[in-house]
Amino acid sequence: MGLRRRRYYCPVEVTVDVLAGRWTPVILAHLKEGVHRYGELRRRMPAVSEKVLTERLRGLERDGLVERTVHDGVPAPVSYRLTEEGRSLAPVLAALYDWGTARAARMGVPVEPVDGPVTPR
């Protein structure tokens, strides 16, 4: 797993370094539910561009949090799953989910998942 810096002064810096970017925690939250093909992830996150989704997935794979599998077919379907290291983020992702749910309710902001809800646990 690659960390972006050599020296950190607080453990939260390490976590933020891994989760940096708007879409990284969202991708991880969807993959926490199980294996997803690229197209499924794309449909669940309609606001993310293909370029950004591909870049984030490659970064997560490089960091050892996501495993990419290429299946037989033309074009070759690709699926993604969390590695053991990626699954270790489950409590962090659940806390983000719970806080976001409560914050949206307090602010009266609707959350409308595509293809079903992302599960917190």
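For the structure itself, look to the data block above.
Bear in mind the structure is a predicted one, so any value in this text is a computation, not a measurement.

### Focus on the side chain of T24
Point 1. Inspection of the secondary structure assignment puts T24 in helix 2 (residues 24-32).
Point 2. One polar contact links the side chain of T24 to the main-chain carbonyl oxygen of A20, over a distance of 3.1 Å.
Point 3. With near-sequence residues (within four places) excluded, T24 lies in contact with V18, L19, R56 and L60.

### Observations regarding the pattern of salt bridges
Point 1. Evaluation of the coordinates by the stated rule reveals three salt bridges.
Point 2. Salt-bridge contacts for E33 lead to R44; the nearest nitrogen and oxygen are separated by 2.9 Å. In this pair, E33 sits in the loop between helix 2 and strand 1 (36-37) while R44 sits in helix 3 (residues 38-44), placing the two residues 11 residues apart along the sequence.
Point 3. Given a relative accessible area of 28%, E33 falls into the partly exposed group.
Point 4. A residue is classified by how much of its surface remains accessible, and R44, at 16% relative accessible area, is buried.
Point 5. Residues E55 and R56 are paired through a salt bridge, measuring 3.9 Å at the closest nitrogen-oxygen approach.

### Section: the nonpolar core
Nonpolar side chains in soluble globular proteins tend to end up buried together.
Point 1. With 20 residues, the main nonpolar core has I27, L28, L31, L53, L57 and Y80 as its most contacted residues.
Point 2. Of all the secondary structure elements, the ones that give two or more residues to this core are helix 1 (11-19), helix 2, helix 3, helix 4 (50-62) and strand 3 (78-82).
Point 3. Excluding residues that lie within four positions of it along the chain, L57 makes contacts with I27, L31, Y38, L41 and Y80.

### Some points on the pairing of strand 3
Point 1. With four of five residues buried, strand 3 lies mostly within the body of the structure.
Point 2. Across two bridges, the pairing between strand 1 and strand 3 is antiparallel. Directly across from H36, in strand 3, lies its bridge partner Y80.
Point 3. Pairing analysis gives five bridges linking strand 2 (residues 66-70) to strand 3, with the strands arranged antiparallel. By the bridge assignment for strand 3, V70 is matched with V78.

Parameters and conventions
- Residues numbered from 1 in each chain as written.
- Predicted model: local features only at pLDDT ≥ 70, side-chain atom pairs only at ≥ 80, totals over all residues.
- Heavy atoms only, no water.
- Helix = DSSP H or I, 4+ residues; strand = E, 2+ residues; numbered from the N terminus.
- Polar contact = N/O pair within 3.5 Å; in protein donor to acceptor, adjacent residues only side chain to side chain.
- Contact = heavy atoms within 4.5 Å.
- Salt bridge = Lys/Arg side-chain N within 4 Å of Asp/Glu carboxyl O.
- Buried < 20%, exposed > 50% of the residue type's maximum accessible area, 1.4 Å probe, protein only.
- Core = buried A, V, L, I, M, F, W, Y, C linked by side-chain atoms within 4.5 Å.
- Pairing = 2+ DSSP bridges.

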